[in-house]
Amino acid sequence: MVRMSAEERRESVIRAAMSEFARGGYNGTSTEAIAKRVGVSQPYLFRLFPGKRAIFLAAAERCLDDARRTFAEASEGLEGEEALHAMANAYIKLIEERPERLLMQMQMYVAVAAADEAGDHELGEAVRAGWLRLWDTVHLPLGADPNETTQFMAYGMLVNCLVAMGFPAQHRIWEGLYPSARVTGRLEK
């Protein structure tokens, strides 16, 4: 049996945390559930991360980094409308193949709002910084046009909401989105 390094174990904790937080949210997910999914004890989990909040933040940062990397790779060497459709197609593929990424995003937004409301702005600052990096990643391929970037990101948030609510691919609600921003049906339950 091959032993994992602390860094490999840390990576497995982040992946497990994304799945657990995606389903249960910040408040509804226990560190016990994350440790169990990874196959480690809670004390070991806390050797890797100082607490639940740090685990959530690492999962949130990974989620945003995955989306950012998806957009960057899809738009490499492209500009304007070509970049827009390539990024939209890549994002739809990402959330169809890894729906926990979408759910994790939705949970991040709720957790940030709740933390900010409670006077804890550190979590929000970190997530907003990650979201800004995401924004910047799509901004240049779209011609550094704030309106284009806003529209692209707005479409993405609409896609997130429609998918999270379970609208099937053939529902009329998808008709107003450009074709590359539509789901293909793999997400249907």
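Preceding block: the structure.
Presented here is an overview of the structure given in this document.

Reading the values: the criteria
Residues numbered from 1 in each chain as written. Predicted model: local features only at pLDDT ≥ 70, side-chain atom pairs only at ≥ 80, totals over all residues. Heavy atoms only, no water. Helix = DSSP H or I, 4+ residues; strand = E, 2+ residues; numbered from the N terminus. Rg over C-alpha atoms; globule rule 2.2 N^0.38 Å. Buried < 20%, exposed > 50% of the residue type's maximum accessible area, 1.4 Å probe, protein only. Contact = heavy atoms within 4.5 Å. Areas by Shrake-Rupley, 256 points an atom, 1.4 Å probe, with all protein chains shown as cover. Lys, Arg positive; Asp, Glu negative; His and termini not counted. Charge placed at Lys NZ, Arg CZ, Asp CG, Glu CD. Core = buried A, V, L, I, M, F, W, Y, C linked by side-chain atoms within 4.5 Å. Phe/Tyr/Trp six-rings, centres within 6.5 Å; stacked < 30°, edge-to-face > 60°. Patch = residues over 30% accessible without salt bridge, like charges linked within 9 Å, V, L, I, M, F, W, Y side chains within 5 Å. Salt bridge = Lys/Arg side-chain N within 4 Å of Asp/Glu carboxyl O. Axes fitted to C-alpha atoms, helices over the stretch in contact; angles between N-to-C directions. Parallel < 35°, antiparallel > 145°, perpendicular 65-115°, else oblique. Nonpolar A, V, L, I, M, F, W, Y, C, P; charged D, E, K, R; others polar. Expected span 1.5 Å × (residues − 1).

1. A short note on the overall build of the chain
Point 1. Of regular secondary structure, the chain possesses eight helices and zero strands.
Point 2. When the elements of the chain are put in sequence order from the N terminus, they spell out α-α-α-α-α-α-α-α.
Point 3. In terms of overall dimensions, the chain is globule-like: its C-alpha atoms have a radius of gyration of 18 Å, near the 16 Å expected for 189 residues.
Point 4. Each principal axis of the C-alpha distribution contributes one length, and for the chain these read about 50 × 40 × 35 Å.
Point 5. Residues classed as buried in the chain amount to 43% of the 189 residues present.
Point 6. Put simply, 59% of the contacts in the chain that link residues at least 6 apart link residues at least 24 apart.
Point 7. Accessible surface for the chain amounts to roughly 10300 Å². Of this, 53% is attributable to carbon and sulfur atoms.
Point 8. Mean positive and mean negative side-chain charge positions of the chain (22 and 26 charges, respectively) differ by 9 Å.

2. Structural notes on the nonpolar core
Most often, soluble globular proteins have nonpolar side chains that are buried together.
Point 1. Core analysis: the largest hydrophobic core is formed by 57 residues, its most contacted members being Met104 and Phe152.
Point 2. Elements with a contribution of two residues or more to this core: α1 (6-24), α2 (31-38), α3 (42-48), α4 (52-75), α5 (80-97), α6 (99-117), α7 (122-139) and α8 (146-165).
Point 3. Setting aside its immediate chain neighbours within four residues, Phe152 contacts Phe71, Leu84, Met87, Ala88, Val138, Leu142 and Tyr178.

3. Thoughts on the packing of aromatic side chains
Point 1. A full pass over the atoms with the stated rule returns five aromatic pairs.
Point 2. Where Phe21 meets Phe56, the ring centres are 4.9 Å apart and the plane angle is 80 degrees; that geometry is what we call edge-to-face. On the criterion of sequence distance, the pair formed by Phe21 in helix α1 and Phe56 in helix α4 is long-range, its members being 35 residues apart. Across this residue pair, the class does not change: Phe21 and Phe56 are buried.
Point 3. Aromatic rings pair up to connect Phe21, Tyr26 and Phe56 into one cluster.

4. As for a negative patch on the surface
Point 1. Among the surface-exposed residues, Glu79, Glu81, Glu82 and Glu148 lie close enough to one another that they form a single negatively charged patch.
Point 2. Along the chain, the position of Glu148 falls in helix α8.
Point 3. Residue Glu148 is classed as partly exposed on the basis of its relative accessible area, which comes to 32%.

5. Re the pattern of salt bridges
Point 1. All chains considered together, the criterion is met by eight salt bridges.
Point 2. Asp66 serves as the salt-bridge partner of Arg101, at 2.9 Å between the closest nitrogen and oxygen. Remark: Asp66 occurs in helix α4 and Arg101 occurs in helix α6; sequence separation between them is 35 residues.
Point 3. Taken together, the shared-partner salt bridges in this structure form one network comprising Asp66, Arg69, Glu100 and Arg101.

6. What to know about the packing of α6 against α8
Between two packed helices, what matters for the description is the angle formed by their axes and the separation of those axes.
Point 1. Relative orientation of the contacting elements α6 and α8 amounts to 105 degrees, with a least axis distance of 10 Å. On the basis of their axis angle, the class for α6 and α8 is roughly perpendicular. Residue-level inspection shows Leu102, Gln105, Met106 and Tyr109 of α6 in contact with α8, the latter providing Met157, Asn160, Cys161, Val163 and Ala164.
Point 2. Tallied by class, residues from the contact of α6 with α8 come to seven nonpolar, two polar and no charged.

7. Quick look at α1
An α-helical turn contains 3.6 residues, so any two residues separated by three or four positions project in the same direction.
Point 1. Between the first and last C-alpha of α1 there are 26 Å, a value that for 19 residues agrees with the 27 Å anticipated at 1.5 Å per step.
Point 2. Among all positions in α1, only Arg9, Ser12, Val13, Ile14, Ala16, Ala17, Met18, Ser19, Glu20, Phe21 and Ala22 are buried.
Point 3. Taken together, the buried residues of α1 touch α2, α3, α4 and α6.
Point 4. Positive phi appears at Gly25, one or two residues downstream of α1, with a value of about 75 degrees.

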